[in-house]
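# Geometric and topological summary
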Amino acid sequence: MLNKKVYLDNNLFSDKAKQAALRDGYGEGLFEAGKKDPNVVALCADLKDSTRSNFFAKAFPNRFFEIGIAEQNMVAVAAGLAVSGKIPFVASYATFSPGRAWEQIRTTVAYNDANVKIAGHHAGISVGPDGATHQAIEDIATMRAIPNMTVIAPCDANEAKKATLAAAKFVGPMYLRFARENTPIMTTARTPFKPGKAEIFYSSSRPQVAIIACGPLVHKALVAAKELEKEKIKTIVVNSHTIKPLDSKTILEVVEKTGAVVSVEEHQVIGGLGSAVAELLAKEKPTPMEFVGMQDVFGESGEPEELLDKYKMSVEDIKEAVRKVKKRK
Amino acid sequence: MHLSQSKIKELELRANDMREELMEVLVEAGSGHSAGPLGMADIFSAFYFHILSHDPKNPEWEDRDRLVLSNGHICPIQYVSLANAGYFDKEELFTLRKIDSRLQGHPHRGSLPGIETTSGPLGSGLSQAIGIAVAAKLNQKRYRVYCLASDGEHNEGNWWEAVMLAAKMRINNLTVVVDRNNIQIDGYTEDVMPLESLRDKYEAFNWQVLEIDGHKIEAIVDAVNEAKATLEAPTVVIAHTIPGKGVSFMEGQYGWHGKPPKPEEAEEALKELRSLEGKIRGEHA
């Protein structure tokens, strides 16, 4: 059942569940962060409206910089602003930033220890009809591999807003991952959010499998957990929004209870959340594990739900992974 | 900024002393770049001992001018300049490129006082300098930002992205000095990737362009003053230099771009540089 301590939305399983886009959470969070702190500045690479940087741009025109279609320049300009005391947020589609600007992020942001926040939008395959060129499914891996970088993938629009506000207060380079489409709202204003602290969203007594998820797929993980009760399969669902640094304490605790793990992410199974969990478990507590995510292939055009079905990130796929890993215990 | 004849002489002699120290340091390091740092010695002397408003005892001073070295590989001459200016002891220069040293092979902000940004991968220094210049305006600070760059790094797309942005934003508290020494690792710039006409390119991008002899202290200082007086556009100073300047067997040779002298070669170089010092003294006698 849902963990009452994290105050999730009671309607989240119903057809009436509210929907909103993570990028809207970014837009609201950025605007509020800008109101609170005059050092917050925002940069964009010709995607002001799409990345929802427009609210900030309208409210604080002197602190918003339109860089044009030049992501490498945008990131390095932000690094210069950051070493001079500003708190820059750079926004583009994740395939372009961090995608195209990776080396500038590595050198001028992370190694330079510049307090830059990189907002990667339209992440995941659910971008849909734009096709594989615009579906960022390697961004967690490429950001996670850089020392001094924090990586966060919020699960819904509310959490996206909280993550953006937290990023403005956090000192150090950070990557934030947002999706384009409307997705179910799970969290409420009272749901705790702290970078680096995973939250248990669902737990049954005597759980047999831990489902560790991030991003909007956390909702599908919750639906899978609920439906598996009918088969008398008991699970725990963890929202591991911070992929780096991973909340190893919470993860080891749930693995201790279950002895089997399924990771769920809208990202390649190479290098993402599942890999981060596997790295931890290989060292601390070797455990059977299944990985739900992109299986080392590119996506294609299609509707978001069609794509999630075709590339095996549906509720059924999560359930099947749980059944499979349970047998491997 | 008045420049007396005695000050010019002092800066020239300083440049030459720094060339000698550079040779000694590079031999000890056993790797690193020779030609670029030698060619830029006069410009570094002019900046660190005349142009920059800075305080080596208080490197984080908020109102200091910022010098961003975009072509990080010529950092040995920046390290020698910083040590001469008093940011750290000269002895530490001999730890260049060694384990546990603050003098990394390419400059790292946070490792060594006086380093404003991390650089090495080419073409990103101007972007960072723009960010620092924009922050000055936002913070109502009057410091100036100088970006020193190589000609070779104009091959990078990131560089031209930044050139467009600086013009769009009319960033007038920023001056770029390009070391136009015509060499890069694989050969002469015009063979590897032609840049000419560099002046026309910058002018087409709405920059003010000044061209100088990068070994003439007075020309360097005059150009920087002219840039300061220009409010409507960013300024680029194309400084024509001779790579390896002061060491005849290195001058103009792209083979010396990315390697240090062997001990016997350094001996030869030092002999020449010491006689050059005499020549500079002679010219001013």
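An unreviewed UniProt entry lists chain B under the name Transketolase. The Cofactor (unreviewed entry) field of the UniProt record for chain B holds the comment "thiamine diphosphate". Quoted straight from UniProt, the Sequence similarities (unreviewed entry) entry for chain B says "Belongs to the transketolase family."

As annotated in an unreviewed UniProt entry, chain A carries the name Transketolase. Regarding chain A, the relevant UniProt record gives this comment under Sequence similarities (unreviewed entry): "Belongs to the transketolase family."

## Focus: the overall build of chain A
From N to C terminus, chain A includes 11 helices and 14 strands. Against the compact-globule benchmark of 20 Å for 329 residues, chain A has a radius of gyration of 19 Å, which places it among compact chains. Counting only C-alpha atoms, chain A reaches 60 × 40 × 40 Å along its principal axes. Taking the contacts inside chain A whose residues are at least 6 apart along the sequence as the reference set, 79% of them involve residues at least 24 apart.

## As for the overall build of chain B
A tally of helices and strands in chain B yields 10 helices and seven strands. Taken over C-alpha atoms, the radius of gyration comes to 18 Å for chain B, in line with the 19 Å a tight globule of 285 residues would show. Expressed along its principal axes, the backbone C-alpha trace of chain B runs to roughly 50 × 45 × 45 Å. Within the span of chain B, comprising 285 residues, buried residues form 51% of the whole. Considering only contacts in chain B between residues 6 or more positions apart, those separated by 24 or more positions represent 77%.

## What to know about the UniProt feature "domain: Transketolase N-terminal" (unreviewed entry) in chain B
As recorded in UniProt, the feature "domain: Transketolase N-terminal" (unreviewed entry) lies at residues 16-269 of chain B. In residues 16-269 of chain B, the share of helix is 38% and the share of strand is 13%. The end C-alpha atoms are 12 Å apart.

## Quick word on the sheet that holds strand β10 (residues 209-213) of chain A
Residues and elements named next belong to chain A. Ordered in space as β9-β11-β10-β13-β14, the five strands form an open sheet in which the pairing is mixed. In this open sheet, the two edge strands, each paired with only one partner strand, are β9 (199-203) and β14 (289-294). Looking at each pair of strands side by side, their axes are set apart by 20 degrees on average, direction ignored. One ladder, built from four bridges, connects β9 with strand β11 (residues 235-239); its direction is antiparallel. Residue Y202 lies in a different strand from β11, and its bridge partner there is V237. Sheet contacts for helix α7 (residues 217-229): β9, β10, β11 and β13 (261-268); angle to β11, the most-contacted strand, approximately 170 degrees.

## Details of the packing of helix α1 (residues 5-29) of chain B against helix α4 (residues 75-85) of chain B
All names here are of chain B. Direction vectors running N to C along α1 and α4 enclose 120 degrees, while the axes themselves pass 9 Å from each other. Considering the angle they form, α1 stands oblique to α4. Helix-helix and strand crossings are classified by hand; for α1 and α4 the assignment is right-handed. Packed against α1, whose contacting residues are R14, M18, E21, L22, V25 and L26, the element α4 presents P76, I77, V80, S81 and N84 at the interface. Across the contact of α1 with α4, the residue classes tally to seven nonpolar, two polar and two charged.

## Some words on the interface of chain B and chain A
Chain B puts 23 residues into the contact, and the matching count from chain A is 21 residues. When residues of the side of chain B that touches chain A are traced back to their parent elements, those giving at least two are α5 (125-138) and α6 (157-168) of chain B. Among the elements that line the side of chain B that touches chain A, the one with the most residues is α5 of chain B, at nine residues. Split into classes, the residues belonging to the side of chain B that touches chain A amount to nine nonpolar, 11 polar and three charged.

## Observations concerning the environment of P184 of chain A
All names here are of chain A. Position of P184 relative to the elements: it lies in strand β8 (residues 182-184). We classify P184 as buried; it has 22 C-beta atoms within 10 Å. Taking the C-alpha atoms as reference points, P184 and K283, separated by 99 residues in sequence, lie 35 Å from one another. Excluding its chain neighbours within four sequence positions, the residues that come into contact with P184 are L12, A17, Q19, D156 and H219.

## Re the domain arrangement of chain A
Residue and element names in this part refer to chain A. Per the domain assignment, the segments making up chain A are domain 1 (4-16 + 192-327) and domain 2 (19-184). Centre-to-centre separation of domain 1 and domain 2, based on C-alpha positions: 25 Å. With 32 residues of domain 1 in contact, the opposing surface of domain 2 contributes 31 residues. Of all the secondary structure elements, the ones that give two or more residues to the side of domain 1 that touches domain 2 are α7, β12 (242-244), β13, α9 (273-284) and α10 (304-310). Its residues placed into classes, the side of domain 1 that touches domain 2 shows 16 nonpolar, 12 polar and four charged.

## Digging into the nonpolar core
Most often, soluble globular proteins have nonpolar side chains that are buried together. If you look at the biggest cluster of nonpolar residues, it comprises 196 residues, and the most contacted ones within it are I211 and A221 of chain A together with I130 of chain B. Looking at which element gives the most residues to this core, the answer is helix α3 (residues 71-83) of chain A, with nine residues. Each of domain 1 (4-16 + 192-327) and domain 2 (19-184) of chain A contributes no fewer than three residues to this core. If we skip the residues at most four places from it in the chain, I211 of chain A touches A221, A225, T235, I236, V237, V262, V264, I318 and V322 of chain A.

## Brief notes about helix α3 (residues 41-51) of chain B
Of all 11 residues in α3 of chain B, nine are buried; the element is thus mostly enclosed. Here α3 of chain B has its buried residues at A41, D42, I43, F44, S45, A46, F47, Y48 and I51 of chain B.

## Overview of the sheet that holds β12 of chain A
Residue and element names in this part refer to chain A. The strand order across the open sheet built from seven strands is β3-β2-β4-β5-β7-β6-β12, with neighbouring strands paired in mixed fashion. The sheet is open, and its two borders are formed by β3 (64-66) and β12, each paired with just one other strand. The sheet shows a mean angle of 20 degrees between the axes of neighbouring strands, direction not considered. Where strand β2 (residues 40-44) lies against strand β4 (residues 87-93), five bridges are found, and the strand directions are parallel. In the sheet register, C44 faces β4, and the bridge partner there is A91.

What counts and what doesn't
Residues numbered from 1 in each chain as written. Chains lettered and ligands numbered in written order. Predicted model: local features only at pLDDT ≥ 70, side-chain atom pairs only at ≥ 80, totals over all residues. UniProt positions renumbered as here; feature names shortened; annotations may be inferred. Helix = DSSP H or I, 4+ residues; strand = E, 2+ residues; numbered from the N terminus. Rg over C-alpha atoms; globule rule 2.2 N^0.38 Å. Contact = placed C-beta atoms within 7 Å. Buried ≥ 20, exposed ≤ 12 C-beta atoms within 10 Å, placed from the backbone. Pairing = 2+ DSSP bridges. Axes fitted to C-alpha atoms, helices over the stretch in contact; angles between N-to-C directions. Parallel < 35°, antiparallel > 145°, perpendicular 65-115°, else oblique. Left-handed = near helix turned anticlockwise from the far one by under 90°. Nonpolar A, V, L, I, M, F, W, Y, C, P; charged D, E, K, R; others polar. Domains from an automatic or database assignment. Core = buried A, V, L, I, M, F, W, Y, C linked by C-beta atoms within 7 Å.

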